[in-house]
Structures are given as C-alpha cells and as structure tokens.
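# Tertiary structure, described
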Amino acid sequence: MEKIFVNIHTEKVPNPDAMKFNISNLFLTKGAYEYNSREEAKVSPLAHKLFGFNYVERVFISKNFITVTKKPDLDVWESMLIDIRIVIKKHLEDGRPLFNFKDSSTDPVYTPDKSISDKIRMVLDQEIRPSTWQDGGDISFVSFKDGVVKVSMAGSCVRCPFASRTIKAGVEVLLKRQIPEVESVTTDSVDWMNTQQEENPNFDRG
C-alpha cells in the first residue's frame, strides 16, 4: 500500500490552553467528535493515543483539523506541539482508523419545535459554526424550549475566555435578530456565575 503523506500545520486559537492542528490534505470526518478523558476516547484510537500525554485534557476531531486542549496552568506548549504533531502524523500516515464506532449512526436526533429548531440550526451552521471551526472549536444546537436556545460548545471553545461573549453578544444577538421566537441563548459549557457578560456586538469569537 502506498504511504500517505500528511501535511500538518499548527494554529493558535483564542483559547490559550488549546491548539489547532490543521490537516491540509485529508478529509478526516463528516462529523465532529470530542473526548474529555482517555476512557471516552476508547472509540477513537488516535484520541486515545493523545491522552497518553498527561498534559492533554480534551481532544476534538472535526472535518480537517484536530484541536487539543491542555490542562490549565501547564506551560508545555513547546514540547506538546512536537509530541502531538508526531503522533497525529504517524497515525494518519500509517493509515490507521480515527474511530472504532460500533454504530455508524452517530448523528444527534433532534426533537420538539422542529420548524424553529431547523431555522436555528441553519443560522448556526451557516453563520456561526464556520467561524468557530476556524478557531478550532464548535458550537452546536441542543434544544429550543420556551424561547431559550441551548447550545453546546466543543474544542477550543470550551473554557475559552471569550466564550461567554461569543454566546451573548454573538450567537444570541444574531439569532434574536433573525428568529423572533428566540429570547435568549445559553449553554452548560460556561460557568455563568463567574462570568460578567459583555453585551457588545463587536465580539471576539470563542
């Protein structure tokens, strides 16, 4: 079998604890998958390998990039970049699988308020998520009930210092402007008790 050559370049993202590893010549997956522990990562051989480094806290695999988040307060980026790049490159060039899913139907199932939910997902997919992908993260729809949109955050968006501003001054403002039924946007990924909201439309992406 002809050996695959994988070109990887790293990119800083707004979250200082995360780094994005762009895979320029491969399409990794049509979905997006996040792992928060080595136990969770058993379904992904590559993510499981990355958790072998004790400084790795989270691994996020998306279309053509992998975002690795380190544990806070660890100044290990210099060695981490080399270690992680080598592991990713070798795994992909050896043609090893990214996932070992028993069930291939891993896409989420959406339920109530279908028409409004579809509009919300469309706005997120077309106008919000491309920006979060650029920054090595993701924002996805969870639910819509009583005017409240709940989203989940993944990759570099988790624990990003700009995450709350992204939700309130970015996602919420945009959705309320385009979909009158939306009154607010929230997420379990942000500790709102320790966050001072900034209602500024010129927001930084999380």
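Residues numbered from 1 in each chain as written. Predicted model: local features only at pLDDT ≥ 70, side-chain atom pairs only at ≥ 80, totals over all residues. Heavy atoms only, no water.

## Overview of the overall build of the chain
Summing up its helical and strand segments, the chain has four helices and eight strands in all. Walking the chain from its N terminus toward its C terminus, one meets helices and strands in the order β-β-β-α-β-β-α-α-β-β-α-β. Classification of the 206 residues of the chain by burial places 45% in the buried group. Expressed as a percentage of contacts within the chain between residues at least 6 apart in sequence, the contacts between residues at least 24 apart total 65%. (Helix = DSSP H or I, 4+ residues; strand = E, 2+ residues; numbered from the N terminus. Buried < 20%, exposed > 50% of the residue type's maximum accessible area, 1.4 Å probe, protein only. Contact = heavy atoms within 4.5 Å.)

## Quick notes on the sheet that holds strand β1 (residues 8-12)
Reading across from one edge, β1-β2-β5-β4-β3 is the order of the five strands in this open sheet, with antiparallel pairing throughout. The sheet terminates laterally at β1 and β3 (33-35), the two strands that pair on one side only. Across this sheet, the average inter-strand angle for adjacent strands is 20°, counted without regard to direction. Here β1 runs beside strand β2 (residues 18-23); their pairing, made up of five bridges, is antiparallel. When the sheet's bridge partners are listed, Thr 10 is paired in β2 with Phe 21. Together, β1, β2, β4 (56-61) and β5 (65-70) form the strand contacts of helix α2 (residues 77-93), whose direction differs from that of β2 by roughly 30°. (Pairing = 2+ DSSP bridges. Axes fitted to C-alpha atoms, helices over the stretch in contact; angles between N-to-C directions.)

## Some points on the packing of aromatic side chains
Tallied over the entire structure, the rule returns three aromatic pairs. If you follow Lys 20 out to its NZ or CZ, it ends over the ring of Phe 65, 4.7 Å from the centre. (Phe/Tyr/Trp six-rings, centres within 6.5 Å; stacked < 30°, edge-to-face > 60°. Lys NZ or Arg CZ within 6 Å of the ring centre and 35° of its normal.)

## What to know about the sheet that holds strand β7 (residues 148-155)
Strand order in the open sheet formed by three strands is β6-β7-β8, with mixed pairing between adjacent strands. Both edges of this open sheet fall to β6 (137-145) and β8 (184-187), since each of them pairs with a single strand only. Averaged over all pairs of adjacent strands, the angle between strand axes in this sheet comes to 30°, irrespective of strand direction. Along the sheet, helix α4 (residues 163-178) contacts β6, β7 and β8; its crossing angle with β8, the most-contacted strand, is approximately 145°.

## Let's talk about α2
Between its first and last C-alpha atoms α2 spans 24 Å; for 17 residues at 1.5 Å apiece the expected length is 24 Å, and the two agree. Residues of α2 that are buried: Trp 77, Met 80, Ile 84, Val 87, Ile 88, Lys 89, His 91, Leu 92 and Glu 93. Considering only its buried residues, α2 is in contact with β1, β2, α1 (45-50), β4 and β5. Residue Gly 95 follows α2 closely and has a positive phi angle near 75°. (Expected span 1.5 Å × (residues − 1).)

## Considering the pattern of salt bridges
A complete count under the given rule lists 14 salt bridges for this structure. Where Arg 159 meets Glu 57, a salt bridge forms, and the shortest distance between an N and an O atom there is 2.1 Å. Residue Arg 159 is located in the loop between β7 and α4, and its partner Glu 57 is located in strand β4; the two are separated by 102 residues in the primary sequence. Put simply, Asp 17, Glu 34, Glu 57, Arg 58, Lys 70 and Arg 159 are held in one network by salt bridges that share partners. (Salt bridge = Lys/Arg side-chain N within 4 Å of Asp/Glu carboxyl O.)

## Quick word on the environment of Glu 127
Among the secondary structure elements, Glu 127 is positioned in helix α3 (residues 114-134). Setting aside its immediate chain neighbours within four residues, Glu 127 contacts Leu 174 and Gln 178. Among the polar contacts made by the side chain of Glu 127, one reaches the side chain of Gln 178 at a distance of 3.0 Å. (Polar contact = N/O pair within 3.5 Å; in protein donor to acceptor, adjacent residues only side chain to side chain.)

## Considerations on the nonpolar core
Ranked by size, the top nonpolar core spans 28 residues in total, and within it Leu 50, Ile 61, Ile 66, Ile 84 and Ile 88 carry the most contacts. Put simply, the parts of the chain that give this core at least two residues each are β2, β3, α1, β4, β5 and α2. In terms of residue count, the dominant contributor to this core is α2 (six residues). In contact with Ile 61, other than residues within four places in its own chain, are Leu 28, Thr 29, Gly 31, Ala 32, Tyr 33, Tyr 35, Ser 44, Ala 47, Ile 66, Leu 98 and Phe 99. (Core = buried A, V, L, I, M, F, W, Y, C linked by side-chain atoms within 4.5 Å.)

## Some points on the pairing of β6
With eight bridges joining them, β6 and β7 adopt antiparallel strand pairing. Looking at β7, one finds that Lys 145 is bridged to Val 148. Once β6 ends, the chain turns through two residues before running back antiparallel as β7, passing Asp 146 with a positive phi of about 55°.

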